[in-house]
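Each chain is listed here by its residues.
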Amino acid sequence: MTTGAKTMTLNLGPQHPATHGVLRVVLELDGETVLQATSYLGYLHTGIEKNAEDKLYYKVIPMTDRMDYLAPMSNNLGYVLAVEKLLGIEVPEKVKYARVLLTELTRLNNHLVWLGTHALDVGAMSMLLYTFRERELILDIYEAVSGQRMMSSYFRIGGLAYDLPIDLDKKVKNVLKVLPEKMLEYENLLTNNRIWIKRLTGVGTITAQQALDLSLTGPLLRSTGVNYDVRKAAPYSGYEKFDFDVPLGKNGDCYDRYLIRLEEMRQSLRIMKQALNGMPEGPYRAHVPGVVLPPKQQVLTQMEALIFHFKIITDGFKVPAGSYYQAIESPKGELGFYMVSDGSNKPYRMRVRPPSFINLQALSPMVIGRLVSDVITCIGSIDIVLGEVDR
Amino acid sequence: MGQAELTKVEEEILQVLQEQFGEGITGHSKFADQLSIYITDDILFELARFMKEEDQTDFDLLSDICGVDWIDCPEQRFELVYNFYSINKNVRILIRTTVPDSETPSIRSIQPVYPGADWMEREVYDMLGIEFEGHPDLQRIITPEGMEGWPHRKDFPLTYEAPQFSHNKDNPPEIIK
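Quick caveat: nothing in here was measured; it's all calculated off a predicted structure. (Residues numbered from 1 in each chain as written. Chains lettered and ligands numbered in written order. Predicted model: local features only at pLDDT ≥ 70, side-chain atom pairs only at ≥ 80, totals over all residues. Heavy atoms only, no water.)

Thoughts on a nonpolar patch on the surface
Residue and element names in this part refer to chain A.
Move 1: Side chains of Met303, Leu306 and Ile307 sit close together on the surface and give an oily, nonpolar patch of about 290 Å² of accessible area.
Move 2: Along the chain, isoleucine 307 falls in helix 13 (residues 303–315).
Move 3: Its relative accessible area of 44% is what places isoleucine 307 among the partly exposed residues. (Patch = residues over 30% accessible without salt bridge, like charges linked within 9 Å, V, L, I, M, F, W, Y side chains within 5 Å. Areas by Shrake-Rupley, 256 points an atom, 1.4 Å probe, with all protein chains shown as cover. Salt bridge = Lys/Arg side-chain N within 4 Å of Asp/Glu carboxyl O. Helix = DSSP H or I, 4+ residues; strand = E, 2+ residues; numbered from the N terminus. Buried < 20%, exposed > 50% of the residue type's maximum accessible area, 1.4 Å probe, protein only.)

Regarding empty space enclosed by the protein
The method is simple in principle: a probe with the dimensions of a water molecule rolls over the atoms, and the space it marks as empty is what remains.
Move 1: Overall, the coordinates contain three cavities of 30 Å³ or more when judged by the stated rule.
Move 2: Approximately 50 Å³ is the volume found for the largest cavity.
Move 3: Around the largest cavity sit Glu49, Arg349 and Arg351 of chain A together with Ile65, Cys66, Gly67, Glu123, Val124, Met127, Leu128 and His152 of chain B, which together line it.
Move 4: Mapped onto the lining of the largest cavity, the elements with two or more residues apiece are strand 8 (349–353) of chain A together with strand 3 (61–69) and helix 3 (117–128) of chain B.
Move 5: The element contributing the most residues to the lining of the largest cavity is helix 3 of chain B, with four residues.
Move 6: A per-class count over the lining of the largest cavity returns five nonpolar, two polar and four charged. (1 Å grid on protein atoms, 1.4 Å probe; cavity = no way out; pocket = protein on both sides within 12 Å on 5 of 7 lines; lining within 4 Å. Points joined across faces, edges and corners; volume = space filled by probe spheres on them. Nonpolar A, V, L, I, M, F, W, Y, C, P; charged D, E, K, R; others polar.)

Let's talk about the sheet that holds strand 8 of chain A
Residue and element names in this part refer to chain A.
Move 1: As summarised here, the arrangement of the three strands in space is 6-7-8, forming an open sheet in which the pairing is antiparallel. The open sheet terminates on both sides in strands that have one partner only, identified here as strand 6 (322–330) and strand 8. Averaged over all pairs of adjacent strands, the angle between their axes in this sheet comes to 15 degrees, without regard to strand direction.
Move 2: Note: strand 7 (residues 333–341) against strand 8, five bridges, orientation antiparallel. When the bridges of strand 8 are listed, methionine 339 appears paired with methionine 350. (Pairing = 2+ DSSP bridges. Axes fitted to C-alpha atoms, helices over the stretch in contact; angles between N-to-C directions.)

Considerations on the layout of surface pockets
Move 1: Counted as a void, the largest pocket has a volume near 710 Å³.
Move 2: Of all the elements in the fold, those that place two or more residues in the lining of the largest pocket are helix 3 (72–87), helix 4 (93–122), helix 10 (230–233) and strand 6 of chain A together with strand 5 (91–99) of chain B.
Move 3: Grouping the amino acids of the lining of the largest pocket by side-chain chemistry returns 14 nonpolar, seven polar and 11 charged.

Considering the sheet that holds strand 2 (residues 24–30) of chain A
Residue and element names in this part refer to chain A.
Move 1: With antiparallel pairing, three strands are arranged side by side in an open sheet as 1-2-3. Of all the strands in the sheet, the pair left with one neighbour each is strand 1 (8–12) and strand 3 (33–40). When strand polarity is set aside, the average angle formed by the axes of neighbouring strands in this sheet is 20 degrees.
Move 2: Two elements, strand 1 and strand 2, share five bridges in a ladder whose sense is antiparallel. The residue of strand 2 that forms the bridge with asparagine 11 is valine 26.

Quick look at helix 1 (residues 8–21) of chain B
Residue and element names in this part refer to chain B.
Move 1: Between its terminal C-alpha atoms helix 1 stretches 20 Å, which fits the 20 Å expected from 14 residues at 1.5 Å a residue.
Move 2: What helix 1 keeps buried is the set Glu10, Ile13, Leu14, Val16, Leu17 and Phe21. Down the axis, helix 1 shows its buried residues gathered within 160 degrees of arc, on one side only. Relative to its buried face, helix 1 has exposed residues pointing more than 90 degrees away, namely Lys8 and Glu19.
Move 3: Along its buried surface, helix 1 packs onto strand 1 (25–31), strand 2 (34–39), helix 2 (44–53) and strand 5.
Move 4: One or two steps after helix 1, the chain reaches glycine 22, where phi turns positive at roughly 50 degrees. (Expected span 1.5 Å × (residues − 1). Arc of directions from axis to C-beta. Contact = heavy atoms within 4.5 Å.)

Here you go:
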């Protein structure tokens, strides 16, 4: 696209707070209109996929947190499900419910941060303070279950790291009670706010065909009206037992995506309520000697358990040769783990299908022909985490 | 790898593809609930177009492209796994193909059919050095320009190079293995 007039090149990022990390976008501008937007990635590349090839299977789990650090439990879940599938392990019901409860909590966490930062980019400063206040409640639950506030690494192959804490009930119920009220507050501030509507409606519009062509998933795809949610399409971890709706948009613009994410938060609360009420009693790990760690009580009293414990920690366990692609619905879209095993105790190849990376391809078609300020809105609306884009 | 029964939809798709491409389809396998179809590299582009445009297949979403380096079999070193998903049929199929020529691996790009393959192919190129013919802008995407070597190849060492600062410029740090 050329206009004949002199154009200007603007370098947005990598050290710019509105790019949500270290994304660098080079904009070709005519006045304030964007003619071309090229993304440059890799400033946060840590080689997680390559590193995983040199680690025992259970040692990869903490690295998966570091990819999407706003949704650590989702990443853990995708990885452990893929490995469990290769091993053929079926986990106890309680584990499934706990995983659903915690990944939905993760979705809330992610969407709260997204809402705060997105609103901050667009100019509604106070939202960030409100959403981070509520996020604190969720981080407290993370801390209670895993001991860590952000990099929880709580799921293990074949179960959970520890049993759920006894006061989890109380803490989750608090979130279930507080958040709907607070979300009304957010909506009062934003949904009918004239500035908010003007900045978001009709901005970053994509059609359903465009979205499918670009392989977009998650709220980005659903905002165009395509009904694809991995939780419904290929239920994992017992999602088929839960009753929830998948919100869909019509226009495929930033405002639709805002409404969809808010509704997703309400649906997450609904799922969490069901998971909490239906949480069965039972063990928090599957009984698979040689793969899943035996209960600590047995390790301290029985010789065999001690040997298994020692063997698993030092040598890991062998995974039958094969490959499997496990997709889950992370807050940002379809998160996939493609694991290849050659029969040894380390992954032969781990490929992550990062939703942020692939969704970010939509930035250029979204912003071409629009103003610079819309670029910021679009980056926020795509919802990226650079740790996952670059891995 | 356990062989599971194919579902009806999967059987139909396999049959349609076999009729259309004959010799190009070299086999299939199923692990758990996932069907893999093995194809020769020359039909990849046509197959992608067929999978997207025909109503019988209707694979509207290209989920992922993954490259695997099988260094122990030098003849067929690079395997590419294309992950297609059909929203209407709710079916996922992995199309597997081997890249010919392990020295200068190269395969036809499917970016003209699935525009979303753009960055996925660039990443495979960046990490494994597989060239995609017909890709409009095949550059490194994650590692910096001017980088040498292909990080995800198995013969690329997993090492750590200590950063150079002004105080150790004359005495560059060793590579720590």
